[in-house]
Structures are given as C-alpha cells and as structure tokens.
Amino acid sequence: MDTNLHYPPDADLRKLLRFEPRSGAIWLGERRMLLLHTAALSALRQDLITSVGSTHTRRLLTRMGYASGRHDAEFANKTRGDRSPEEMFMVGPQLHMLEGAARVTPLHLKMDIAAGHYEGEFRWDDSWEAHAHRLAYGVVEEPACWILLGYASGYTSAFMGKLILFKEVKCGACGHDHCHIVGKPIDEWPDGDAYLPYFEDDSLLDKMDALSRQVEALKTRLEPSTSGGMLIGNSPAFQHAYDLMLRAASTQVTVLLTGETGVGKERFARALHAHSNHATGPFVAVNCAALPAELIEAELFGVEKGAFTGAHAARAGRFERADGGTLFLDEVGDLPMAAQAKLLRVLQESEIERVGAERARKVNVRVITATNVNLEEAVAQGRFRRDLLYRLNVYPVCIPPLRERVADIEPLANHLLARFTALHNKRLNGLGDRALQALMHHDWPGNVRELENLVERGVILAAQGTTVELEHLFPNLPATRQDGVDDHGRLAHIVPANSTALCERIVDSGVPIGQLEAQVLAMAVERCGGNLSGASRLLGLTRPQLAYRLKRQESGEVSE
Ligand SMILES: [Zn+2]
C-alpha cells in the first residue's frame, strides 16, 4: 500500500445519509436510496442468470453498478471540492463502504485529472456479491463482483471525465480470500474494446439525451412565450376544464374563467382564442385591476378628441383594437360600475361608444372574462351588476388549483425546466429526487405561476452541469428532523446544518421566545400522548429537565 493512501474522516459522507421513516424515504444527499435485502438482490441475480444467461446478466448488473457509481461521483466535488484530488477521490471507496458493498482498502492510486492519467488498485474484503455468488454457485473460475466492479468503473469514469475500466484480478467467488481490482483508462487495456459494450449504450443514450435536450431548447426558442404551450396536464381535474374550454371555443358564447390566482387563466384564454373562429384576429388582454378607475373607460372603449382635458387626439380603445379577434378581460370583478354598464352594452348590442362620442360603433369581438373573486358576493355587496354577472356567467370554466392536479406537477416542472435552461443558457441534469418530492408535497398557494418562479430560480441557482436540488427551489426551507448514522454506525438524530434558516424565520416571525418554548414543549408532549420520557427524547432533554421547564411554564415564570 502506498504510504500516502489514507481515508479522510467520513463524517462528511455519513452526514449525507438520512433516514426519514415517517415519510418513508432514505436519502443520500438529494438522492433517494433504498435499503434492500442482499438476499433479494441475490435472488434477482440468480433469476437473471437462469433466464438470460451469465453474459447478459453480467452486462446488465455491471451497468447497474456503473449507474450508481456515476451518481455517487456527484458527491466528490460537493462534499470535498476544497480538498486534494486524492481526498476527493476517496469519496467513492468510502461511500461504497457506507453503502455496504465491501470493505475497500486503497493499494495504489496515481492520477492526473487534467492529463487524463489514472492508475488505481483496491482490495475488497467481504464483497457481498462475491459471497452471494459463491453461495449460489460454489467456487467459480471467473470473478463475479459485477455490480461492485461497475460501480468502481462508473465512479472513476465520472470523476476523471473519461472511461476508466476496472477489472477484478482476484475474487472471493473464485476462492481467493479477498477481491483485488485494477483500473486504468479503457484504451490502455489491450482487450479494452471487448468491454466497451458494457458502457457504450450509456454514451449513446447520453448523446441522444443531449440531442433531445438541444431540440427541446430550440423548440422552446421558436415557440412564442405567449402561446398556449403551457397548457400541460393529464390530471382529470385539468382535463375536465380543458375539454369545457375546447367545446366553447368554436361557439360565440361568453366564457368566464374562474380559479385562484396563478392557475393560468390568461393561457386558457389564449388557447380558447387559438381554437376559435377568431384565431386569425388579434388577441388583446386587459387586466382590469391594473388600470386606474378614471382611465379604464377610455382605455377599453376609446376616446374622442377633446372629450376631456388631455384628450388631444382621438384614440381607439382595446375593444376596437381587438376587432375581429378576442378581448380578454382579467379581474373583471374590479371593473368600476360605469364601465360595467358599458361592458354590458357591448355584450348585448356588439357596439361601443368612445368616451365623448356622439354615436356608437359596431365591433366584432369575442369577449373572455376571468376573475379570482366570487362575483356573487360582489353582487351582494353592491360592487357588481347582477345583470352583467348573468351575462358573463353563461359558460363558467373553473380552472383547478395546482394542488388538486398533483399528477401534472412533474410534467409541468420538466417543461418549465427545459424552457428556462434554454432561456438562461444552462445545461442541467433535471430535477433531483428530493426536489421533485418537495414539489409534489408543496401546497402551491401561487399555483402554476409560483411553480414557474420556483423552477426559474432553481435553474439560475443550480451550477452548470448539475442537478436542480431542493435547496435551489426552496432556499428558505426550514430544517426538518432527520436521522442519520453516527460514529458508531447507529441511527441517531442529526442536528441539521441549516437550522440557521429556521432561527431566522423564528426571529422574523416576532413570536416571543417564551411563548415559542411553551408551544414547542406542548407539541412534543402531545405527540407522545402525554408521555414525558418520549417527549424529552424528542426534544433532546432529560426527563427532569423537561419536567422542570414545564413546571416553569405553568408557574408563569417565563410568560412574556
Ligand atoms: Zn470479487
């Protein structure tokens, strides 16, 4: 063994491993992991060998290991980016041990990333795979640690940025008392070509993936940002609203789009326009809430010269500009009463009167309105005309909030990711498992618009060539309770490193610390059904410490 070869402490890697039994997930960093019985994997291995033969099985399993190795290579730079290349490299063997593959001892390591030189030799003791193979087939001639070897090749190839092939020169499955692996660039092995099929498809897939992303990016650039391209969704709730909209498109019926803020009402309106007989005409959108009340009539209906101070020239309103097309009135509930009367007249007579005009003009405009307030309530409060409501509410289409269409979140997020990576010239490997899970569980008060903002921020924050992770999407997420592995290999509660964020939120909230403590203690006691020992474990206190604090709360000593 080279004298300079040693493992740095692996606390940084153990910290990555978190158990969340309550949410049914195990995490390594942002990657979702699985605790699997080696017996189960071994059974799968045997079934594969029986059904497709050992050559194919070896290829499949090598590729499986290769994929895990590649994923783990992400952590080298993330956890030890500031260390020497050798210490950074050791992330692989150390993670391989943490994941339970074998005991790995480095024997020789010489590398130069820039020059592409790599020589590595490692010893594996107690490889689970050698053990499983020997158990099923007895002592064999050929080494059998296929998954493990794939991992070493995948990790090292990703780390070096070129294909490094590892071979087993000794294996427990062949009767040796340990396994011994040797790795170098694939072109330095005389028979390297024979191993290429193990990895080739990957590079082909990578290439296809890169190409398809390029196509996606180009398509996104061609597609005008105003198109209805964002109407993505297969959830029943979304499909129902979309079908209703489509059926109204070819008619002249006045459609009222309802739904929470950010659900995409304007996109629905644009899609309706695109499918209507007015599709070749203009689409004009007006946000009634964004216009000052005193200007809104002139803005919508136009103005004649001299109608009021400042009206130096005659000007067409939005209705006239939308002639032959569609006028979309968003937040129609905010329209002042006088404008409501005029709108009613347009809808009934298809004619408008400019402010200060003597006569009316005919217009041919399809009107779509939208609101996120309850118009019935506005009528009851005298803020909205009942006759106008009846006229607008002929064909209501309610667009569901994002939290009611969870199935659409992933396709929407991926679509947005493609759009924003193209827009910001980023090349990213998609969304991390944990990030995606967080998106699925979010409440989405701001709906699709909130998702759009979140993904765009994620794309900007994620480094070039990496994955969009949880912290990029929700930078201020409070830390949750997590269990990890301590120095003795036991599961233990890990104090989250980002508790600073939680503290900031507490300070910002202005809740007095005494009150907060009272609430936290009460919550812990309640969670444990009144059991003080359990509650004290939750809080990291001894039972007497908890009892003392509770007593102090009761006596009002700390109440602010
Ligand atoms: Zn082996």
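Rules used throughout
- Residues numbered from 1 in each chain as written.
- Predicted model: local features only at pLDDT ≥ 70, side-chain atom pairs only at ≥ 80, totals over all residues.
- Heavy atoms only, no water.
- Helix = DSSP H or I, 4+ residues; strand = E, 2+ residues; numbered from the N terminus.
- Buried < 20%, exposed > 50% of the residue type's maximum accessible area, 1.4 Å probe, protein only.
- Contact = heavy atoms within 4.5 Å.
- Areas by Shrake-Rupley, 256 points an atom, 1.4 Å probe, with all protein chains shown as cover.
- Phe/Tyr/Trp six-rings, centres within 6.5 Å; stacked < 30°, edge-to-face > 60°.
- 1 Å grid on protein atoms, 1.4 Å probe; cavity = no way out; pocket = protein on both sides within 12 Å on 5 of 7 lines; lining within 4 Å.
- Points joined across faces, edges and corners; volume = space filled by probe spheres on them.
- Nonpolar A, V, L, I, M, F, W, Y, C, P; charged D, E, K, R; others polar.
- Pairing = 2+ DSSP bridges.
- Axes fitted to C-alpha atoms, helices over the stretch in contact; angles between N-to-C directions.
- Parallel < 35°, antiparallel > 145°, perpendicular 65-115°, else oblique.
- Left-handed = near helix turned anticlockwise from the far one by under 90°.
- Donors = N, O, S within 2.8 Å, 3.2 Å for Na, K, Ca; no water.
- Salt bridge = Lys/Arg side-chain N within 4 Å of Asp/Glu carboxyl O.

**Things to note about the overall build of the protein chain**
In terms of helices and strands, the protein chain carries 22 helices and 16 strands. Relative to its full complement of 560 residues, the protein chain shows a buried share of 44%. Partitioning the contacts of the protein chain with sequence separation of at least 6, the portion at a separation of at least 24 is 67%. When the accessible surface of the protein chain is totalled, it reaches about 28,900 Å², and 53% of it is carbon and sulfur.

**Some points on the packing of aromatic side chains**
Across all of its chains, the model carries 13 aromatic pairs by this definition. Ring plane angle 65° and centroid distance 5.4 Å describe the contact between F89 and Y155, whose orientation is recorded as edge-to-face. Of this pair, F89 sits in helix α3 (residues 85–89) while Y155 sits in helix α6 (residues 146–160), and the two are 66 residues apart along the sequence. In this structure, F89 and Y155 share a single accessibility class: buried.

**Description of the layout of surface pockets**
One number sums up the size of the second largest pocket: a volume of about 920 Å³. M33, L34, L36, E99 and G100 are, among the 28 residues lining the second largest pocket, the residues nearest its centre. Listing elements by their share of the lining of the second largest pocket, those giving two or more residues are β1 (17–20), β3 (31–33), α2 (38–80), α4 (91–98) and α6. Per element, the largest residue contribution to the lining of the second largest pocket is eight residues, and it comes from α2. Here the lining of the second largest pocket is built from residues that sort into 16 nonpolar, seven polar and five charged.

**Describing the sheet that holds strand β10 (residues 326–330)**
With parallel pairing, five strands are arranged side by side in an open sheet as β9-β10-β13-β8-β14. Each edge of the open sheet is held by one strand with a lone partner, namely β9 (283–287) and β14 (395–398). Across this sheet, the average inter-strand angle for adjacent strands is 20°, counted without regard to direction. Where strand β8 (residues 255–258) and strand β13 (residues 366–371) come together, four bridges link them in parallel fashion. The residue of β13 that forms the bridge with V255 is I368.

**Digging into the packing of α4 against α6**
Two numbers describe how α4 lies on α6: the axes approach to 10 Å, and their chain directions differ by 150°. As judged from the angle between their axes, α4 and α6 are roughly antiparallel. In this structure, α4 meets α6 at a crossing whose hand is right-handed. Only L148, Y151 and Y155 of α6 make contact with α4, whose side of the interface consists of V91, G92, L95 and H96. Broken down by class, the residue content of the contact of α4 with α6 amounts to five nonpolar, two polar and no charged.

**So, the coordination of the zinc ion**
Surrounding the zinc ion are the protein donor atoms C145 (SG), E168 (OE), C171 (SG) and C179 (SG), which sit 1.8 to 2.4 Å from the metal. Sequence spacing among the residues donating to the zinc ion works out to C-x22-E-x2-C-x7-C. Here E168, found in strand β6 (residues 164–170), pairs with C179, found in strand β7 (residues 179–185); they are eleven residues apart in sequence, far enough to count as distant. Of the residues examined, E168 reaches a relative accessible area of 10% and is grouped as buried.

**Quick look at the pattern of salt bridges**
What the rule picks out here adds up to 30 salt bridges. Close ionic contact of K78 with E469 constitutes a salt bridge, the shortest N to O distance being 2.9 Å. One end of the pair, K78, is in helix α2; the other, E469, is in the loop between α17 (447–461) and α18 (470–473), with 391 residues separating them in the sequence. Given a relative accessible area of 48%, K78 falls into the partly exposed group. A relative accessible area of 4% places E469 in the buried class. Between E517 and R549 there is a salt bridge; the shortest N-O distance is 2.8 Å. One end of the pair, E517, is in helix α20 (residues 513–527); the other, R549, is in helix α22 (residues 543–554), with 32 residues separating them in the sequence. On the basis of relative accessible area, R549 is assigned to the partly exposed category, the value being 29%.

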